[in-house]
Amino acid sequence: MSQTSSADHFARPFNGPGTGPPVPSSVPGGSEAESSQGDPGGRGSPAIHALGLHKRYGKTVAVASLSMSVGRGEVFGFLGPNGAGKTTVVKMLLGLVRPSGGEAMVLGAPIGDRETRRRIGYLPELFRFQPWLNAAEVLALHCRLLELPKRSWDQAVADSLRVSGLTDRSGDKVGGFSKGMQQRLGLGVALLGDPELVVLDEPTSALDPVGRHDMRQIIRGLRTRGKTVFLNTHLLAEAEQVCDRVAVLDKGVAIATGTLAELLGQHGRVRVKLGTVDGSCTKILSKFGAWQRDGDWIILERIENDSIPDLVAAIIGGGGRVEAVIPEHQSLEDRFLELLDER
Amino acid sequence: MTFRILTIASLTIREAARRRLVAALAAITVVMVGLSAWGFERLSHSHSLTSGESNLAVPQALILFMFMFSFVVALSASAMASPAVASEVESGVLLTVGARPIRRSEILVGKWLGLAVLLAGYAIAVSALEMGVVDAVSGYLPPSPVLITVFLFSEGLLLLTLALLLSTRLSSLAAGVIGIALFGAAWLAGVVGSLGSTFNINAMRTIGSVSRYVLPTDGLWHGAIYHLEPTSMMAERLSEGRNADPFFVHTGPSWYYLLWVSAWFVIVLVGSVISFERREL
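Residues numbered from 1 in each chain as written. Chains lettered and ligands numbered in written order. Predicted model: local features only at pLDDT ≥ 70, side-chain atom pairs only at ≥ 80, totals over all residues. Heavy atoms only, no water.

### What about the nonpolar core?
Then, number 1: The biggest cluster of nonpolar side chains holds 155 residues, and the ones touching the most others in it are Met-68, Phe-78, Leu-93, Leu-185, Leu-200 and Phe-230 of chain A.
Then, number 2: Top element by residues in this core is helix H3 (residues 51–91) of chain B. It accounts for 16 residues.
Then, number 3: With twelve residues, the next largest nonpolar core counts Val-272, Leu-274, Cys-281 and Leu-311 of chain A among its residues. (Core = buried A, V, L, I, M, F, W, Y, C linked by side-chain atoms within 4.5 Å. Buried < 20%, exposed > 50% of the residue type's maximum accessible area, 1.4 Å probe, protein only. Helix = DSSP H or I, 4+ residues; strand = E, 2+ residues; numbered from the N terminus.)

Here it is, written out as structure tokens:
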């Protein structure tokens, strides 16, 4: 990405139109679950829909009754501290781990559906590839596994190398790659075949700042093209910059889900500088919630954002003078820590 | 389905070539065959042996050399198969492959097929080289070289299949060690069974019989020995009544036994597929 960066490449289809394989509505005879009937590709359904998804390892509950829905074209952030169960959820959605209970649909098909996996790109948290293959060979292998038309392989591999910034290292053995280069290669592998859903599990854990910037650009490019991105991360600043909606997972339980605005809440903190603070003024302030002095400033905690103009109008109406109003938005990190503390 | 199996099989073969396993085996085999050529040349042209003694000594020495090669084939099979699944699960390589539209059964059968092709290539090469060299320097060629090769390959394939099953659940090291240990135990149980037959001790005979069904490597090795023995050698040994010799058999495996061995392959391979399908990546 940082070498021959082409994050903007994602403003257009990855493999070009028509190079992806046709997706049959069902394939008879498979031992694994096959695609849903009547809605080829399940395009009318959410990208991900989980209901009471549960995973237990012995006595340890990794994921407890997770229910969530991720819409098509969304960048969905899946947040949580280390060990919260995020990767287990991702693996269940991809059919790599068997749920202990509950159910989930991915792209309109039951989890583990073999044909649906053709339309999913996955960058695992543990990104390792055959060390004895070179980067181009790894990508070609995944072209084969995706059963892309052979005539499209060269272009797909070249595009993927360009996006991952590995064009100059295409002939080098993966075993000699740094972790960052392997993660970039993983991204290239995940984006092969122009997937509808891209699942990124801690996608910037080994990247330098330039690589992280490029990753954000790529995610935004995917959103522009209507792709769904499921971003599993504990880097909250990253989620705050690119996600439309997020869910917060802790100890296997989803403790909050919604848009960033919903999650951060309608309640914010506002700093107000008044000309004078007399008795009538304090009565007005109290109507809007708890407040405290901070030098010349009055700080109101947890005031509804929509109420700030009413607060100003009330103070002025009561004969007061408002010199400054500074709304302070809660960061996702603050809210995240608050949510964890509340548990 | 076939395409996906062949993709994994060709990947497995390419890995063995890239990791220089093929080159290492070829080099060590050439050295061993070269040494055996020298030994057989000395043995067959020794002035201290009569022609009759030489006619018995050369086949006996060939059986010993083929036993050594059967051990190399078995070790190689176990060493190749034990990390086939386990190391890729441990390293995370299987995460990206397993998330593709490929069945677990196709991954496993593809790996088994690729390893089987490698093993077949090695068994054919080593048998042809060794028997060809012995024929060239001493003029002795066993009665059924093709069947010997088939038994040698089958013995290795059996251990390969077992190691692959173990690899779906255990670490590479554990799968490899257990595979080799079971191979050694099965061979020893075969010797115990032979002693039991010679001295008419039922318990020992039963150990040999049961082990040949549980892990048929020794039974298949006996098949190889049977086809390595010339008629003259068999007549001489039978007249001496030397049944307890682990390098001599007077009958080949029955069809019933070979049918059981075929069933064993199917059972263990299906078991491997089921085990791998239930494995969480």
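Read on, since the account is not over.
### Remarks on the pairing of strand E12 (residues 291–294) of chain A
Every regular strand shows the same layout, with side chains that alternate between the two sheet faces.
Residue and element names in this part refer to chain A.
Then, number 1: The pairing of E12 with strand E13 (residues 297–304) spans four bridges and is classified as antiparallel. Bridging across to E13, Gln-292 finds its partner in Ile-299.
Then, number 2: Where E12 folds back onto E13 in an antiparallel hairpin, the turn is made up of two residues, including Gly-295, whose phi is positive at roughly 65 degrees. (Pairing = 2+ DSSP bridges.)

### Digging into the interface of chain B and chain A
Then, number 1: At the junction of the two partners, chain B supplies 28 residues and chain A supplies 36 residues.
Then, number 2: Approximately 3,100 Å² of surface area, both sides summed, lies buried where chain B meets chain A, with 55% of it carried by carbon and sulfur atoms.
Then, number 3: When the buried surface of chain B facing chain A is broken down by residue, Arg-100, Pro-101 and Arg-103 of chain B rank first, second and third, together holding 24% of it.
Then, number 4: Applying the counting criterion to the chain B and chain A interface returns four salt bridges.
Then, number 5: Two residues, Arg-14 of chain B and Glu-137 of chain A, come together in a salt bridge whose shortest N-O distance is 3.9 Å.
Then, number 6: For the interface between chain B and chain A, the tally reads 16 residue pairs in polar contact (both at pLDDT 80 or more).
Then, number 7: Those elements that place two or more of their residues in the side of chain B that touches chain A are helix H1 (2–18), H3, helix H4 (93–98) and helix H11 (255–278) of chain B.
Then, number 8: Looking at the side of chain B that touches chain A element by element, the count peaks at eight residues for H1 of chain B.
Then, number 9: Split into classes, the residues belonging to the side of chain B that touches chain A amount to ten nonpolar, five polar and 13 charged. (Contact = heavy atoms within 4.5 Å. Buried area = accessible area lost by both parts, 1.4 Å probe. Salt bridge = Lys/Arg side-chain N within 4 Å of Asp/Glu carboxyl O. Polar contact = N/O pair within 3.5 Å; in protein donor to acceptor, adjacent residues only side chain to side chain. Nonpolar A, V, L, I, M, F, W, Y, C, P; charged D, E, K, R; others polar.)

### Considerations on the sheet that holds strand E3 (residues 75–79) of chain A
Residues and elements named next belong to chain A.
Then, number 1: Here we have six strands laid out as an open sheet, ordered E6-E7-E8-E3-E9-E10, and mixed in their pairing. Two strands in the sheet have a free side with no partner beyond their single neighbour: strand E6 (120–123) and strand E10 (253–259). Strand-to-strand twist of the sheet, defined as the mean angle between neighbouring strand axes without regard to direction, takes the value 15 degrees.
Then, number 2: As paired strands, strand E9 (residues 245–250) and E10 are joined by six bridges and run antiparallel to one another. The residue of E10 that forms the bridge with Asp-250 is Val-253. (Axes fitted to C-alpha atoms, helices over the stretch in contact; angles between N-to-C directions.)

### Structural notes on helix H8 (residues 279–287) of chain A
Residues and elements named next belong to chain A.
Then, number 1: Listing the buried residues of H8 in full gives Cys-281, Ile-284 and Leu-285. All buried residues of H8 project into a common sector of 100 degrees when viewed along the axis, lining one side. Relative to its buried face, H8 has exposed residues pointing more than 90 degrees away, namely Lys-283 and Lys-287. (Arc of directions from axis to C-beta.)

### Things to note about a nonpolar patch on the surface
Residues and elements named next belong to chain B.
Then, number 1: A cluster of nonpolar side chains, namely Leu-6, Leu-113 and Val-117, defines an oily patch on the protein surface of about 230 Å² accessible area.
Then, number 2: Among the structural elements, Val-117 can be located in helix H5 (residues 104–138).
Then, number 3: Among the residues examined, Val-117 registers a relative accessible area of 46% and is labelled partly exposed. (Patch = residues over 30% accessible without salt bridge, like charges linked within 9 Å, V, L, I, M, F, W, Y side chains within 5 Å. Areas by Shrake-Rupley, 256 points an atom, 1.4 Å probe, with all protein chains shown as cover.)

### Things to note about the packing of H3 of chain B against H5 of chain B
Residues and elements named next belong to chain B.
Then, number 1: Relative orientation of the contacting elements H3 and H5 amounts to 160 degrees, with a least axis distance of 10 Å. Taken together, the axis directions place H3 and H5 in an arrangement best described as roughly antiparallel. In this structure, H3 crosses over H5, and the sense of that crossing is right-handed.
Then, number 2: Its residues placed into classes, the contact of H3 with H5 shows 20 nonpolar, two polar and three charged. (Parallel < 35°, antiparallel > 145°, perpendicular 65-115°, else oblique. Left-handed = near helix turned anticlockwise from the far one by under 90°.)

### Section: the packing of aromatic side chains
Then, number 1: In the structure shown here, the tally under the stated rule is nine aromatic pairs over all chains.
Then, number 2: On the basis of an interplanar angle of 15 degrees and a centroid distance of 5.7 Å, the ring pair of Phe-76 of chain A and Phe-230 of chain A is categorised as stacked. Placement of the pair is Phe-76 of chain A in strand E3 and Phe-230 of chain A in strand E8 (residues 228–233), with a sequence separation of 154 residues.
Then, number 3: Classification of Phe-76 of chain A by relative accessible area gives buried; the value is 0%.
Then, number 4: Relative accessible area serves as the criterion here: at 0%, Phe-230 of chain A is assigned to the buried category.
Then, number 5: For the pair Tyr-213 of chain B and Tyr-257 of chain B, a centre-to-centre distance of 5.3 Å together with 85 degrees between the ring planes defines the contact as edge-to-face. (Phe/Tyr/Trp six-rings, centres within 6.5 Å; stacked < 30°, edge-to-face > 60°.)

### Describing the packing of helix H2 (residues 135–146) of chain A against helix H4 (residues 179–190) of chain A
Residue and element names in this part refer to chain A.
Then, number 1: Remark: H2 packs on H4, axes separated minimally by 10 Å, with the N-to-C direction vectors making an angle of 30 degrees. When the axes of H2 and H4 are compared, the pair comes out roughly parallel. Like other packed secondary-structure pairs, H2 and H4 cross with a definite hand, here right-handed. The segment H2 lies against H4, with Ala-135, Val-138, Leu-139 and His-142 engaging Leu-185, Gly-188 and Val-189.
Then, number 2: Taken together, the residues of the contact of H2 with H4 sort by class into five nonpolar, two polar and no charged.

### Thoughts on the sheet that holds strand E2 (residues 60–70) of chain A
Residues and elements named next belong to chain A.
Then, number 1: The antiparallel open sheet is built from four strands, whose spatial order is E2-E1-E4-E5. Edge strands, defined here as strands with exactly one partner in the open sheet, are E2 and strand E5 (109–110).
Then, number 2: Relative to E2, strand E1 (residues 48–57) runs antiparallel, the two being bridged by seven bridges. If you follow Lys-55 over to E2, its bridge partner there is Val-63.

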